[in-house]
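Read off the chains here:
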Amino acid sequence: MKAMTEKKMLSDEAVEALLAWYRVHRRDLPWRKTKDPYRIWVSEIMLQQTRVEAVKPYYERFMRELPTVQALAEVSEEKLLKLWEGLGYYSRARNLQRAAQTVMRDHNGKLPNAYSELRKLTGIGDYTAGAIASIAFGERVPAIDGNVLRVLARVTGSYEDIALPQTKKNWQEALKSCVPKEAGDFTQAMIELGATVCVPNGEARCGKCPMAAHCVSCMKHLTDEIPVRSAKKPRRIIPKTVFVIADGNRTVLHKRPPTGLLAGLYELPNAEGHLDEAEATAYLRSIGFDPLQITPIDPAKHIFTHLEWHMNAYRVRIAPDFDGVDESSGYLLIDNDELRENYAVPSAFSAFSKYLLF
Ligand code: ADE
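Bear in mind that the values here come from a model prediction, so they are computed numbers and not experimental data. (Residues numbered from 1 in each chain as written. Predicted model: local features only at pLDDT ≥ 70, side-chain atom pairs only at ≥ 80, totals over all residues. Heavy atoms only, no water.)

1. Comments concerning the domain arrangement of the protein chain
Once the domains are mapped, the protein chain shows domain 1 (2-219) and domain 2 (236-355). If you look at the interface, domain 1 gives 8 residues, while domain 2 gives 15 residues. Summed over the three residues of domain 1 that lose the most area to domain 2, namely K82, Y89 and Y90, the buried surface amounts to 51% of that side. Our count for the domain 1 to domain 2 interface comes out at 0 salt bridges. (Domains from an automatic or database assignment. Contact = heavy atoms within 4.5 Å. Buried area = accessible area lost by both parts, 1.4 Å probe. Salt bridge = Lys/Arg side-chain N within 4 Å of Asp/Glu carboxyl O.)

What follows is the structure, given as structure tokens:
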């Protein structure tokens, strides 16, 4: 009889209060107007590392351009990356497409309707499988992201380290028996509470929280101590020099290698280290360009998950009749109109986009 008497991680009353709150306070978001598993899948992937407000226009455009799993499976890589341009973490888009191709081949174009099958698809981890299964199919499985970890730590008053994978694993197991029959609303309500009420950095708005009466951290004033999250390793700093090389109508891009950071994307040419003007000129000559004029422009930083690029930069003018680029070098001279329409340049370089037109 152990299972019958064991205390649930969240009581039925707490879950009921949360659902009632969600019905009234839920934000009206585009992916909440549908039960289409494909749409929910795409939204959850976009939302993984990107804010809700930033995702909205991308989601709407993606759905207009690629409304079905089949359309996603068949779209060209260039078009896919262009639709993703600015969202960052491009491997998310590539994994989406790989999984869409698997769904076409093995599942008749329909996303599988069970957590365990969804979990096997490229790019779908525990959280995303839980979110799709609960929201689109009503399966009673939890979906635990960073927001939900924070809510759970606070409600239960747990000092366990939420950065540890084991904590997530334990809570995923513990939360299973708490998921109500309104599984999708429960998933979204937990996320919503974490995003709008049980916010990070000790600022929890307990006065507005439907679970306050059930929350250990609220009752004991522990929201500035909980959750506990062990410090991440500091990011590696990479100094770089970026070149906006143009002749007035065309700009030079470089295709990145097929694996690793920003794999296969087009970038502004760049070199390791902070080069002074003489070093920069020598470097440009070594890669086949003959600068007529080289001018320093504002430096910029870009932060990735594990590293930071600290970029100095130069604007470089080359002759309009320059035709010395050898395609095998990975450098391309692209017409500016075409660059805007067809090439996805990662947002790491967006600080320099204002210099793209001379
Ligand atoms: N973040 C992750 N999933 C979300 C969702 N479905 N709604 C709002 N924010 C989210």
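2. Section: helix α10 (residues 146-156)
Residues spaced three or four apart along an α-helix face the same direction, because each turn holds 3.6 residues. α10 sits mainly inside the fold: 8 of its 11 residues count as buried. Turning to α10, its buried residues number three or more, namely V148, L149, R150, V151, L152, A153, R154 and V155. On its buried face, α10 sits against α11 (165-176), α12 (183-196) and α13 (216-219). The distance from a side-chain oxygen at the start of α10 to the backbone nitrogen of N147 is 3.1 Å, and the residue carrying that oxygen is D145. Immediately beyond the C-terminal end of α10, within one or two residues, lies G157, with a positive phi of roughly 65°. (Buried < 20%, exposed > 50% of the residue type's maximum accessible area, 1.4 Å probe, protein only. Helix = DSSP H or I, 4+ residues; strand = E, 2+ residues; numbered from the N terminus. Polar contact = N/O pair within 3.5 Å; in protein donor to acceptor, adjacent residues only side chain to side chain.)

3. What about the pattern of salt bridges?
Scanning the entire structure with this criterion turns up 21 salt bridges. Between R285 and D290 there is a salt bridge, with the nearest N and O atoms lying 3.6 Å from each other. Because the salt bridges share partners, they merge into one network encompassing R23, K181 and E182.

4. Regarding the environment of M46
Structurally, the position occupied by M46 is in helix α3 (residues 37-47). Separated by 12 residues in the primary sequence, M46 and Y58 place their C-alpha atoms 8.4 Å from one another. In this structure M46 touches V55, Y58, Y59, F62, W84, L87 and R92, once residues within four positions along its chain are discounted.

5. Section: unusual backbone geometry
Excluding glycine, residues mostly have negative phi values, and the peptide bonds linking residues are mostly trans. Of the consecutive residues I226 and P227, the connecting peptide bond is found in the cis state with omega at 10°. One non-glycine residue, H221, lies in the positive phi region at around 55°. With respect to the helices and strands, H221 occurs in the loop between α13 and β1 (236-246). With a relative accessible area of 66%, H221 lands in the exposed category. The phi dihedral of L262 falls on the positive side, at around 50°, and the residue is not glycine. When you line up the elements, L262 lands in the loop between β2 (250-255) and β3 (266-267). For L262, a relative accessible area of 12% gives the class buried.

6. Overview of the site of the ligand
By nearness alone, every residue bordering the ligand is listed as L29, W31, R32, E44, L47, V52, Y127, Q188 and I191. In the environment of the ligand, a nitrogen atom lies 3.2 Å from a nitrogen or oxygen atom belonging to the side chain of R32. Take Y127: an N or O atom from its side chain is 3.2 Å from a nitrogen atom of the ligand. Looking at the shell around the ligand, the elements with two or more residues in it are α3 and α12. When grouped by side-chain class, the residues that make up the shell around the ligand number 6 nonpolar, 1 polar and 2 charged. (Near = heavy atom within 4 Å. Nonpolar A, V, L, I, M, F, W, Y, C, P; charged D, E, K, R; others polar.)

7. A look at the environment of G157
Looking at the secondary structure, you find G157 in the loop between α10 and α11. As a C-alpha pair, G157 and P227 span 70 residues in sequence and 8.3 Å in three-dimensional space. When neighbours within four sequence positions are excluded, G157 is seen to be in contact with V216, S217 and I226.

8. With respect to the nonpolar core
Counting residues in each nonpolar core, the largest one holds 105 residues, and the members touching the most others are W41, F62 and F352. The dominant element in this core, judged by the number of residues it contributes, is helix α9 (residues 126-137), at 7 residues. If you count residues domain by domain, this core takes at least three from each of domain 1 (2-219) and domain 2 (236-355). Counting 16 residues, the second largest nonpolar core, distinct from the first, contains L284, F289, I294 and Y331. (Core = buried A, V, L, I, M, F, W, Y, C linked by side-chain atoms within 4.5 Å.)

9. Description of the packing of aromatic side chains
Applying the stated criterion to the full structure yields 10 aromatic pairs. Between the aromatic rings of F243 and Y314, the centroid separation amounts to 6.3 Å while the plane-to-plane angle is 15°, which identifies the pairing as stacked. One end of the pair, F243, is in strand β1; the other, Y314, is in strand β6 (residues 307-317), with 71 residues separating them in the sequence. We classify F243 as buried; its relative accessible area is 0%. Take Y314: its relative accessible area is 7%, and that puts it in the buried class. Aromatic side chains F289 and Y331 sit 5.7 Å apart centroid to centroid with 85° between the ring planes, which places their arrangement in the edge-to-face category. In this pair, F289 is assigned in the loop between α14 (277-286) and β5 (293-303) and Y331 in strand β7 (residues 331-335), connecting sequence segments 42 residues apart. Among the residues examined, F289 registers a relative accessible area of 2% and is labelled buried. You can call Y331 buried: its relative accessible area is 9%. Three or more aromatic residues link up through ring pairs in this structure, and these residues are F243, Y283 and Y314. Lying over the aromatic face of W309, K240 brings its terminal NZ or CZ to 4.6 Å of the ring centre. (Phe/Tyr/Trp six-rings, centres within 6.5 Å; stacked < 30°, edge-to-face > 60°. Lys NZ or Arg CZ within 6 Å of the ring centre and 35° of its normal.)

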